[in-house]
Amino acid sequence: MNANPTPTAAAEAKARSSIFARLRAPATPAPLPLPDVSAWFAAHQRHENSAQRVSRLRAALEAVKTEVHDTTAAGWPDLLLRLVEAKGLRNLLIGSDTPHGAELEARQPANLEIKRYAESIDSWRDVLFDEVDASLTLAKSAIAEVGSLILWPTPAEPRLMSLVPPVHFVLLDVATIHADFYSAMTDEGWKDRLPTNALLICGPSKTADIQQTLAYGAHGPRELVVLLRHADPAQTGAAA
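All values reported here derive from a predicted model rather than from experimental measurement. All residue numbers refer to positions counted from 1 along the written sequence of the respective chain. This being a predicted model, a pLDDT of at least 70 is required before a residue's local features are given, and a value of 80 or more before pairs of side-chain atoms are given or counted; all residues contribute to the totals for chains, interfaces and linings. Hydrogen atoms and water are omitted, and side-chain values are computed over all heavy atoms in the structure.

Peer 1: Please clarify how the sheet that holds strand β9 (residues 199-201) should be interpreted in this entry.
Peer 2: Within a beta sheet, neighbouring strands are joined by backbone hydrogen bonds and run either parallel or antiparallel to one another. Note on pairing: two strands pair once DSSP finds at least 2 bridges between them. Each helix is a run of DSSP H or I of at least 4 residues and each strand a run of E of at least 2, with the numbering of both proceeding from the N terminus. Taken in spatial order, the four strands make up an open sheet running β8-β5-β6-β9, and their pairing is mixed. The sheet is open, and its two borders are formed by β8 (177-178) and β9, each paired with just one other strand. Taken together, the two bridges between strand β5 (residues 141-143) and β8 define a ladder with parallel strand orientation. For Ile143, the partnering residue across the bridge sits in β8 and is His178.

Peer 1: Please explain unusual backbone geometry as it appears in this structure.
Peer 2: In most cases, non-glycine residues show a negative phi, while peptide bonds are predominantly trans. One non-glycine residue, His47, lies in positive phi territory at about 55°. With respect to the helices and strands, His47 occurs in the loop between α2 (37-44) and α3 (50-62). Under the relative-accessibility criterion, His47 is labelled exposed at 65%. Phi is positive for Gln108, which is not a glycine, with a value near 45°. Tracing the backbone shows Gln108 in the loop between α5 (99-106) and β3 (113-116). Think of it in three bands: with a 1.4 Å probe and only protein chains considered, a residue is buried below 20% of the maximum accessible area for its type, exposed above 50%, and partly exposed in between.

Spelled out as structure tokens, the structure:
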């Protein structure tokens, strides 16, 4: 006689139902612990001073053919006008209502036309794309670790100002240079107030073909010029 009798149909049905029930049940794995991001960055921070952050930012920007100049709060307009003249630029686009734009405009340069971004794009698209030589915008801050400028476009300084003109001048206050992206986000409170469009600019626009030949200005400005505005004139060395 068989010591292990065949299960009854009822037992088989019960076992099958039990298996299907377990298969259909939602999986509820234990949640993984969240990484302690702040602790990681605290353990890996460089403990740099301002001068060291400036040096790292400059090296990263210049490595990708960005032009970098030191200047002061009083001297940056004259420096910019000298650079504009040296590059043979006919005009410069400024924001519709910005303190730095008004400061430059007040100099009334004789050989440079100052254009304000005061119209809708539909009304002057051809002028912007075909006739504007350069633009000036203010950087919100910068990231020394990767050599990035942080721009938050506004109605006064729209995104197109940093995208369309062949030469882009950026005014950056040295005090706003952060060590890394995490520091920028936390120190500036990004989680509470993000714009609709935040930009990280690491150099002039460039692209390469299949032979890896670089071409600048393909998708944006062919030149990026950064004016590092120091609060302490002694930190600028021989700069303006």
